[in-house]
Amino acid sequence: MPNRSLFKNTHSLSILVIFFSALLASCSDSEAPSTESGTSKPSILKPIHQTPLNRQKSPETAALISIIDEHFSQLTNESKKLNETLIAFTKKPSQEGLQKATDALDKVHSIFVSGYYLDTCCHIYSSNLTNNENDLTKLSIKTKLDQYPLLPGYLDAVEGYPYSGLIYSDISITRESMEQEFQLGDPAYVSLGFHALELILKGSNRNRKVSDFSHLKSTKDTSSAPAELRRTLYAILLASEIENNLSILELFWESDSKNHLAQKPKPQANKFFNALYITAEKELNNLQIQEAALEQNTKIDEHSNIEIITLKKGLLERLIAIKESRIKI
């Protein structure tokens with residue numbers, strides 16, 4: 001693979017930081033600002049259809065919409081904090097700053113996973129999106145955010161292979177490049193999302209050191225940037241893409257899925273909520289089994305820990321409690 005420069009001149013790194021910080025805002029602009037790094041603007045996605053919001057929602061529907069609104073508010077707020085925390089770390093790397101960044105990542109990821117039942121019932125992560133620009137965006141946002149397992153050596157050094165992965169390659173650290181590398185040849189080749197950022201921040205052996213990163217500064221030849229700088233740039237890109245993708249999911253909830261839910265005719269809505277209560281109760285029972293297994297130190301999977309289970313239980317209990325509004329009518 002020919003060697004390609006990450007940036008075209010010595011002040012492009014500063015431009016990249018500004019670009020990543022403003023990425024969330026730029027996704028809504030008709031003309032996204034260009035950078036010298038070669039990073040292309042996010043593709044513009046549009047909902048399949050939009051319907052006017054019915055203001056005469058039933059108490060059940062209103063309660064469910066309120067829960068989902070709150071869920072997205074938590075996701076977007078925490079993802080913004082993650083991005084801000086990580087940028088602060090890259091400006092002045094420290095072990096404390098690295099720990100704060102990993103804690104922020106764990107929090108937003110736990111909230112995201114806790115909403116999987118909401119995706120099952122209301123498709124909040126699986127919106128029907130269209131795109132006319134390229135095939136890359138046909139990959140679902142949910143997949144880009146939370147695909148696992150991944151192959152650690154595909155991204156960074158692992159034991160026995162100290163110079164492996166994208167960090168030690170000459171591949172540009174851009175959104176477009178990482179989308180091209182995503183699952184290129186193997187489902188475990190995961191170059192975007194929560195789990196990729198977790199690997200970069202924690203390391204394959206969960207013993208990442210602050211010396212594995214370098215603070216952002218201009219260099220004369222960024223095409224030969226050291227691994228520490230590439231790791232820093234990659235972490236910023238991943239955090240920015242997480243924030244951007246979550247904002248897109250919230251946009252489609254607000255503009256499409258919420259309206260569709262509010263427009264359900266009463267017979268269809270009753271059937272929907274009857275099924276929701278039954279499956280939520282079953283899911284809650286399954287979580288109690290998982291919780292017991294974790295108390296015995298039994299590892300289940302990457303999406304099951306005490307924090308995630310606690311969040312899931314709280315969400316399911318709130319959903320089941322919506323039944324009370326039907327009884328009081």
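Everything below is about the structure shown above.
No experiment lies behind these values; they were computed from the predicted model shown.

Engineer: I would appreciate a short explanation of the overall build of the protein in the present structure.
Structural biologist: The number of helices and strands found in the protein is 13 helices and 2 strands. Here the protein holds 329 residues, and 47% of them are scored as buried. Here the analysis covers contacts within the protein between residues at least 6 apart in sequence; of these, 77% occur between residues at least 24 apart. Carbon and sulfur atoms form 52% of the exposed surface of the protein, whose accessible area is close to 16300 Å².

Engineer: It is not clear to me how the packing of aromatic side chains should be interpreted in this structure. Could you clarify?
Structural biologist: The geometry of an aromatic ring pair is captured by two quantities: the separation of the ring centres and the angle between the planes. Enumeration over the complete set of coordinates arrives at 10 aromatic pairs. Taken together, a centroid distance of 6.5 Å and an interplanar angle of 25° make the contact between Phe-72 and Trp-253 stacked. Here Phe-72 is found in helix H3 (residues 59–91), whereas its partner Trp-253 is found in helix H10 (residues 227–262), with 181 residues between them in sequence. Relative accessible area serves as the criterion here: at 1%, Phe-72 is assigned to the buried category. With a centroid separation of 6.0 Å and 35° between ring planes, the pair formed by Phe-273 and Tyr-277 is classed as tilted. Placement of both Phe-273 and Tyr-277 in helix H11 (residues 266–295) is noted, with a separation of 4 residues, approximately one turn of the helix. Like Phe-273, the residue Tyr-277 is buried in the burial classification.

Engineer: Any chance you could explain the environment of Phe-194 here in plain terms?
Structural biologist: By the secondary structure assignment, Phe-194 is in helix H9 (residues 194–202). Looking at Phe-194, the relative accessible area reads 2%, which means it is buried. Each C-alpha atom, one on Phe-194 and one on Tyr-148, is 9.2 Å from the other, the two residues being 46 residues apart in sequence. Contact partners of Phe-194, with chain neighbours within four places excluded, come to Leu-105, Val-108, His-109, Phe-112, Leu-145, Asp-146 and Ile-242.

Engineer: Whenever I open this one, unusual backbone geometry confuses me. Can you help?
Structural biologist: Note: most peptide bonds trans; most residues except glycine with negative phi. A cis amide bond links Tyr-148 with the next residue in sequence, Pro-149, at an omega value of 0°. By secondary structure assignment, the location of Pro-149 is in the loop between helix H6 (141–146) and helix H7 (152–155). We note that His-123 has phi near 60°; this positive angle belongs to a residue other than glycine. In the Ramachandran plot, Gln-183 falls in the positive-phi region, its phi being about 55° despite a non-glycine side chain. Relative to the helices and strands, Gln-183 is located in the loop between helix H8 (175–181) and H9. You can call Gln-183 partly exposed: its relative accessible area is 27%.

Engineer: Just checking my understanding: could you explain the pattern of salt bridges for this structure?
Structural biologist: Side chains that differ in charge, positive against negative, can pair when their charged atoms come close. Considering all chains together, one arrives at 17 salt bridges under this definition. We note a salt bridge from Asp-119 to Lys-142, for which the minimum N-O separation is 2.8 Å. Linking Asp-119 in helix H5 (residues 116–122) with Lys-142 in helix H6, this pair joins segments that are 23 residues apart in sequence. Classification of Asp-119 by relative accessible area gives buried; the value is 6%. Salt-bridge contacts for Arg-208 lead to Asp-212; the nearest nitrogen and oxygen are separated by 3.4 Å. Relative accessible area serves as the criterion here: at 14%, Arg-208 is assigned to the buried category. Residue classification places Asp-212 among the partly exposed positions, given a relative accessible area of 21%. Overlapping salt bridges, with partners in common, bring together Asp-106, Glu-198, Lys-202 and Arg-206 in one network.

Engineer: Quick question: what am I supposed to make of helix H12 (residues 306–320) here?
Structural biologist: Because an α-helix packs 3.6 residues into every turn, residues spaced three or four apart end up facing the same way. Across its 15 residues, H12 extends 21 Å between first and last C-alpha, which sits within 8% of the 21 Å expected from 1.5 Å per residue. Of the residues that open H12, the one with a side-chain oxygen 3.1 Å from the backbone nitrogen of Glu-307 is Asn-305.

Engineer: What should I look at first to understand the nonpolar core in this one?
Structural biologist: Across soluble globular proteins, nonpolar side chains have a tendency to be buried as a group. Leu-64, Leu-197, Leu-201, Tyr-234 and Leu-319 are the most contacted members of the largest nonpolar core, which totals 75 residues. Looking at this core element by element, the count peaks at 17 residues for H10. Apart from the residues within four sequence positions on either side, Leu-64 is in contact with Leu-118, Cys-122, Leu-261, Phe-272, Phe-273, Leu-276, Leu-319 and Ile-322.

Conventions used here
Residues numbered from 1 in each chain as written. Predicted model: local features only at pLDDT ≥ 70, side-chain atom pairs only at ≥ 80, totals over all residues. Heavy atoms only, no water. Helix = DSSP H or I, 4+ residues; strand = E, 2+ residues; numbered from the N terminus. Buried < 20%, exposed > 50% of the residue type's maximum accessible area, 1.4 Å probe, protein only. Contact = heavy atoms within 4.5 Å. Areas by Shrake-Rupley, 256 points an atom, 1.4 Å probe, with all protein chains shown as cover. Phe/Tyr/Trp six-rings, centres within 6.5 Å; stacked < 30°, edge-to-face > 60°. Salt bridge = Lys/Arg side-chain N within 4 Å of Asp/Glu carboxyl O. Expected span 1.5 Å × (residues − 1). Polar contact = N/O pair within 3.5 Å; in protein donor to acceptor, adjacent residues only side chain to side chain. Core = buried A, V, L, I, M, F, W, Y, C linked by side-chain atoms within 4.5 Å.

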